[in-house]
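A structural walkthrough
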Amino acid sequence: VKKSGAGGYHYYAAGLNENARRRLALETDLRHALGRGEFELHFQPQADMQTGRLTGAEALLRWNHSERGLVMPGDFIPLLEESELILDVGAWVLEQACLTQRRWWREYGQDLVVSVNLSARQLDDPLLVDRVRAILDRTDVDPHRVELEITESSLVHNPEEAAATLEALKRLGLSLAVDDFGTGYSSLSYFRRFPVDTLKIDKAFVSELTRDPDTAGIVRAIIAMAGSLHCHIVAEGVETLGQLRMLRQYGCHWMQGYFLSRPLSVDTFDDLVRDGHRF
Ligand code: C2E
Ligand code: CA
Ligand code: CA
Ligand code: CA
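Described below are features of the structure shown in this document. (Residues numbered from 1 in each chain as written. Chains lettered and ligands numbered in written order. Predicted model: local features only at pLDDT ≥ 70, side-chain atom pairs only at ≥ 80, totals over all residues. Heavy atoms only, no water.)

As for the coordination of the calcium ion (ligand 3)
Convention followed: Only N, O and S atoms count as donors, using a 2.8 Å limit from the metal and a wider 3.2 Å limit for Na, K and Ca, and since water is excluded some coordination spheres may look unfilled. The way it works is that DSSP assigns letters per residue, a run of H or I at least four long becomes a helix, a run of E at least two long becomes a strand, and they are numbered from the N terminus.
Donor atoms from the polypeptide that coordinate the calcium ion (ligand 3) comprise D179 (OD), D180 (OD), E236 (OE) and E236 (OE), at 2.2 to 2.6 Å from the metal. Read in sequence order, the donor residues coordinating the calcium ion (ligand 3) give the pattern D-D-x55-E. Here the calcium ion (ligand 2) and the calcium ion (ligand 3) are spaced 3.7 Å from one another, each receiving a donor from D179. One end of the pair, D180, is in strand β6 (residues 175-181); the other, E236, is in the loop between β8 (232-235) and α11 (241-250), and 56 residues separate them in sequence.

Spelled out as structure tokens, the structure:
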């Protein structure tokens, strides 16, 4: 390794391990991904637990990388969240989701709910409400059919400001969901101070449901209490008929998970919508 004024850098770069090198390359490519049109949304169906009716979908971001192929969000969302990039990408996601919801209605006469993930960084953005309002106006979507998913942990870290932002989003007519519910160690009554419409029970609970009686008890209690707070309840990560039956018995409203379907490309999801699919 060269030892010179700038040599420290060369030494460091040469010493980067494979992971760090890979990450650096990803970061560089990410900066161009939006402009190059490399992002796409997949849609995972949600269905009514009692009737099996298709009720909507969660929009999930994918990155179509020229060399790596389809990159999953776990590999790039954390990188986006380290910079302001997440704000532009998040706005793109919301706009595409709204346009798609409108299209389901226009082309197939199906009035479905589209759910969009909002990162903690977006929630902290002072321009968030203005950005969202502009997107709702531009896409002419019915805001009641658009649900923003906010993780429990991003609400807990700055509850006062989060509550004010959520109030403003509610005034735009949007529906609000707490994502990954149960993982943030906050009590359910805590959520009375947020104008939340929906709780999404984290898939970690759902996966233990039929194996662990304690988990089953917790899920049952969450559903009962959420019901008394007039919250809509969605179970995520439903993978088996056994889980479905238990959740249904507990009074869970909607479900999402591999048991119904994996996230689907726009075209494949369109086929379900066109057919008015029942699970
Ligand atoms: P999430 O919001 O909790 O989304 C659910 C994740 O669980 C998705 O992974 C989905 O494919 C996966 N999943 C669905 N059903 C099942 C199941 O039955 N079993 C199991 N094991 N997994 C299931 P995905 O698409 O890889 O997304 C991972 C995370 O990335 C999301 O977790 C969300 O936190 C984040 N994410 C995805 N799209 C966006 C986005 O547009 N914006 C932001 N801010 N975050 C996003
Ligand atoms: Ca989510
Ligand atoms: Ca989730
Ligand atoms: Ca999750």
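Further notes follow.
Considering the coordination of the calcium ion (ligand 2)
Summarising the metal site, the calcium ion (ligand 2) is bound by the protein donors E58 (OE), N117 (OD1), E149 (OE) and D179 (OD), whose distances to it range over 2.2 to 2.3 Å. Mapping the donors of the calcium ion (ligand 2) onto the primary sequence yields the spacing E-x58-N-x31-E-x29-D.

Section: the nonpolar core
Which entries qualify depends on this criterion: Definition of nonpolar core: a set of buried residues of the types Ala, Val, Leu, Ile, Met, Phe, Trp, Tyr and Cys, connected through side-chain atoms within 4.5 Å. Think of it in three bands: residues with accessible area under 20% of the maximum for their type are buried, residues over 50% are exposed, and the middle band is partly exposed, with areas taken using a 1.4 Å probe on protein chains only. Should any heavy atoms of two residues lie within 4.5 Å, those residues are counted as being in contact.
In terms of nonpolar packing, the biggest core is built from 82 residues, with L169, L247 and F269 touching the most fellow members. Ranked by residues supplied to this core, first place goes to helix α4 (residues 85-108) with 10 residues. Discounting residues that sit within four places of it in the chain, F269 has contacts with F43, P45, L54, G56, A57, W104, L112 and L264.

Re the environment of W63
On the secondary structure map, W63 appears in strand β2 (residues 54-65). W63 gets classed as buried once you look at its relative accessible area, which sits at 0%. Sequence-wise, W63 and P195 are 132 residues apart; in three dimensions their C-alpha atoms are separated by 32 Å. Filtering out sequence-adjacent residues up to four positions away, W63 remains in contact with L26, D29, L30, A33, E38, F39, G69, L70, V71 and F76.

A closer look at unusual backbone geometry
Phi at D180 is positive, roughly 55°, even though this residue is not glycine. On the basis of relative accessibility, which here comes to 22%, the residue D180 falls in the partly exposed class. Even without being glycine, H230 reaches a positive phi, approximately 60°. Note on placement: H230 falls in the loop between α10 (213-228) and β8.

Some points on the site of ligand 1
Which entries qualify depends on this criterion: Whether a residue is near a molecule or strand depends on its heavy atoms: if one lies within 4 Å, it is near. Polar contact is defined as a pair of N or O atoms within 3.5 Å, subject to the rule that within protein one atom must be able to donate a hydrogen and the other to accept it, and that residues adjacent in sequence are counted only when both atoms are side-chain atoms. Exposure was quantified through the Shrake-Rupley algorithm and a 1.4 Å probe, taking into account, for residues, occlusion by the shown protein chains and nothing else. Side-chain classes are defined by residue name, with Ala, Val, Leu, Ile, Met, Phe, Trp, Tyr, Cys and Pro counting as nonpolar, Asp, Glu, Lys and Arg as charged, and the others, Gly among them, as polar.
Taken together, 21 residues surround ligand 1, and among them Q44, R62, D179, E239 and Y258 come closest. Between D179 and ligand 1, the recorded distance is 3.0 Å, taken from a side-chain N or O atom to an oxygen atom. Contact distances for ligand 1 include 2.8 Å between an oxygen atom and a backbone N or O atom of Y258. Out of a free accessible area of 800 Å², ligand 1 has 82% covered by protein chains. Contributions of two or more residues to the shell around ligand 1 are made by β2 and β6. Of the residues forming the shell around ligand 1, the biggest block, 4 residues, is contributed by β2. Here the shell around ligand 1 is built from residues that sort into 9 nonpolar, 5 polar and 7 charged.

Quick notes on the pairing of β8
Threshold: Between any two strands, at least two bridges found by DSSP are needed for them to pair.
Two elements, strand β7 (residues 198-201) and β8, share 4 bridges in a ladder whose sense is parallel. Counted as the bridge partner of K200 is V234 from β8. As defined by bridge partners, β8 adjoins strand β9 (residues 254-255) across 2 bridges and the pair is classed as parallel. By the bridge assignment, V234 is partnered in β9 with W254.

Things to note about α4
Owing to its 3.6 residues per turn, the α-helix brings residues three or four apart onto one side. The following threshold applies: To estimate how far a helix should reach, multiply one less than its number of residues by 1.5 Å.
The terminal C-alpha atoms of α4, which comprises 24 residues, lie 34 Å apart, in line with the 34 Å expected from a rise of 1.5 Å per residue. Following α4 by one or two positions, G109 has its phi on the positive side, about 65°.

Concerning the packing of aromatic side chains
Here is the rule we go by: The pairing test for Phe, Tyr and Trp rings, Trp by its six-membered ring, is centres within 6.5 Å, and the orientation test on the planes gives stacked under 30 degrees, edge-to-face over 60, and tilted for anything in between. Whether a charge lies above a ring is judged from NZ of Lys or CZ of Arg, which has to be within 6 Å of the ring centre and within 35 degrees of the ring normal.
Under the definition given, this model contains 7 aromatic pairs. Pairing F39 with F76 gives two aromatic rings, centres 5.8 Å apart and planes at 35°, and the pair type is tilted. One end of the pair, F39, is in strand β1 (residues 39-48); the other, F76, is in the loop between β3 (69-71) and α3 (77-81), with 37 residues separating them in the sequence. Overall, F39 belongs to the buried group, its relative accessible area being 5%. Residues F39 and W92 carry aromatic rings whose centres are separated by 6.3 Å and whose planes lie at 45° to one another, so their mutual orientation is tilted. Within this pair, whereas F39 is found in strand β1, its partner W92 is found in helix α4, the two being separated by 53 residues in sequence. Judged by relative accessible area, W92 falls into the partly exposed class, the value being 23%. Site record: aromatic cluster; members linked through ring pairs are F39, W63, F76 and W92. Here the guanidinium or amino end of R262 rests over the ring plane of Y258, the centre of that ring lying 3.8 Å away.

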